[in-house]
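Coordinates in review
In case you want the letters, here they are:
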Amino acid sequence: VSKQVLEQVLSELQPLCTLEQQFLQEFFWLGCDSLELQVPEVRVSTVFSPGPLSSLAHPWETTTQLLREIFSCLEPELGAFLDICNKVHPLGCLQVLVTLSDAVFGTWGPPSAPPSSFLHALLGNALLLAKSNFNKCIETLCKEIEEAKIPSRVRGGILPCVSRFQEFMAFSEEVFRASRSRRELDKAQLRLASSVFSSINSLSSANLKVNTDMVMMENFHHIHNFLCQRNIPCLEGKKREAKERSSEHMERYVTTYLGQPLERLKHFFEGVKARLAQGIKEEEVSFQLAYSKQELRKVIEKYPGKEVKRALETLYRTIHKYMSPEENLLPVVWQAMEQGFIRQYGEFEELIQRCYAGAGIALDFTMEDLLSYFNSITMSN
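Summary of the structure given here. Computed from a predicted model, the values in this text were never measured in an experiment.

Here the focus is the overall build of the chain. In terms of regular secondary structure, the chain is built from 15 helices and zero strands. Scored against the burial criterion, the 381 residues of the chain give a buried share of 43%. Here the analysis covers contacts within the chain between residues at least 6 apart in sequence; of these, 72% occur between residues at least 24 apart. Of the roughly 20,700 Å² of accessible surface on the chain, 51% is carried by carbon and sulfur atoms.

This is the structure:
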């Protein structure tokens, strides 16, 4: 509604100012080359200005001075009206900026006022003010996003700052959809995207009750999907960055939970790798007291196949409980978890063959068993 009203006001101003300017130029012969010769005795001090028309250097200056006197209340009244338009909507300054830009550059309605017209100068000044108000609005929004406190009760899902960024992007794209000039919007969108990324990154130092990598993974994934749908050229770099950050935090998330079902096995073989890194020969590892064949058998006994399957089921329920259903990342994360377990299993088998060869030691479950556990859990959920 404010857009239509603003466009109507500007449309009605245009013929009014244009006709008045034409009248003044014709009545006072202000379009002639030699103003002083044509109107040497004319003075307008009693009505319009303190000095003779011939004292001005150029007809344009004379016309402008007369129009400023006639329309002395127009600029402040227009400014007050634009303030009202800004306040109609929290982001009303976007609509004001677009409408004034289109009015100045002639992309809507009747032909634009010529560059030498009083109206063009008036709208130009209003456009500068609109740009200033727009920039202030963006700076305020960025500051609010960057300084927003994340409540400790957050249990995952899309953060308020991401939702706010998404709302701004959707609204601004709609407002600027038919506008030829996107320069101001592009700068604002980049600035806001940087603020949102900064806000998400600050989660790493927040004391959340859920896994931080999970929350960051979901929110960067959400931003990436949103930007893919919108296809905004100036944010292509941010779109790629969001995808990279989502993948990075997914990897960290999977790594964090990967060791839980086989925790003691994982710690045991990490110790074996540490001894090898220290230069101990493979055939001598089993002679280390903490990494003897007997100790390895004790650890393996803790992980019969049925216990491993039960631990994986518990892990699945934990991931399912905290992940946001809207993002539908559970299947992707669970597949990554499966691939991680397969790599881990292969690593355990390799270390047994290298350091405990001929001892007849093997894990209680095979690779096929592990794959069947994952398949069973996936099919039943």
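For the rest of this paragraph, the subject is the packing of helix α14 (residues 330–355) against helix α15 (residues 367–379). Running from amino to carboxyl end, α14 crosses α15 at an angle of 165°, the nearest separation of the two axes being 10 Å. Taken as axis vectors, α14 and α15 run roughly antiparallel relative to one another. Seen from above, α14 lies across α15 with right-handed handedness. Facing α14, whose interface residues are Trp334, Met337, Glu338, Phe341, Ile342 and Tyr345, α15 presents Met367, Leu370, Leu371, Phe374, Ile377 and Thr378. Of the residues in the contact of α14 with α15, the class split is ten nonpolar, one polar and one charged.

Here Ser172 shows up in helix α7 (residues 160–175). A distance of 3.1 Å separates the side chain of Ser172 from the backbone oxygen of Met169, its partner in a polar contact. For Ser172, the contacting residues outside a window of four places in its chain are Leu94, Leu185 and Gln189.

It is worth spelling out the pattern of salt bridges at this point. Think of it this way: side chains of opposite charge can pair up when their charged atoms draw near. Applying the stated criterion across every chain, the model contains 17 salt bridges. When the shortest N-O distance is used, the salt bridge between Arg182 and Asp186 registers 3.2 Å. Relative accessible area serves as the criterion here: at 22%, Arg182 is assigned to the partly exposed category. Its salt-bridge partner being Glu184, residue Lys187 comes within 3.8 Å of it at the nearest N-O pair.

Our focus in this paragraph is the packing of aromatic side chains. All told, the structure shown has nine aromatic pairs when counted by the stated rule. When the ring of Phe269 is compared with that of Phe348, the centres are 4.8 Å apart and the planes differ by 20°; the resulting orientation is stacked. Highlighted residues: Phe269 in helix α11 (residues 263–277) and Phe348 in helix α14, separated in sequence by 79 residues. When sorted by exposure, Phe269 lands in the same class as Phe348, which is buried. An aromatic cluster is defined as three or more aromatic residues linked by ring pairs; in this entry it consists of Phe268, Phe269, Tyr291 and Phe348. Positioned above the aromatic ring of Phe197, the side-chain terminus of Lys238 is 5.0 Å from the ring centre.

Formed by 103 residues in total, the largest nonpolar core has its most connected members in Val272 and Tyr356. The leading source of residues in this core is helix α6 (residues 118–147), at 13 residues. Residues contacting Val272, with those up to four places away along its chain left out, are Val285, Tyr291, Leu351, Cys355 and Tyr356.

Conventions we followed
Residues numbered from 1 in each chain as written. Predicted model: local features only at pLDDT ≥ 70, side-chain atom pairs only at ≥ 80, totals over all residues. Heavy atoms only, no water. Helix = DSSP H or I, 4+ residues; strand = E, 2+ residues; numbered from the N terminus. Buried < 20%, exposed > 50% of the residue type's maximum accessible area, 1.4 Å probe, protein only. Contact = heavy atoms within 4.5 Å. Areas by Shrake-Rupley, 256 points an atom, 1.4 Å probe, with all protein chains shown as cover. Axes fitted to C-alpha atoms, helices over the stretch in contact; angles between N-to-C directions. Parallel < 35°, antiparallel > 145°, perpendicular 65-115°, else oblique. Left-handed = near helix turned anticlockwise from the far one by under 90°. Nonpolar A, V, L, I, M, F, W, Y, C, P; charged D, E, K, R; others polar. Polar contact = N/O pair within 3.5 Å; in protein donor to acceptor, adjacent residues only side chain to side chain. Salt bridge = Lys/Arg side-chain N within 4 Å of Asp/Glu carboxyl O. Phe/Tyr/Trp six-rings, centres within 6.5 Å; stacked < 30°, edge-to-face > 60°. Lys NZ or Arg CZ within 6 Å of the ring centre and 35° of its normal. Core = buried A, V, L, I, M, F, W, Y, C linked by side-chain atoms within 4.5 Å.

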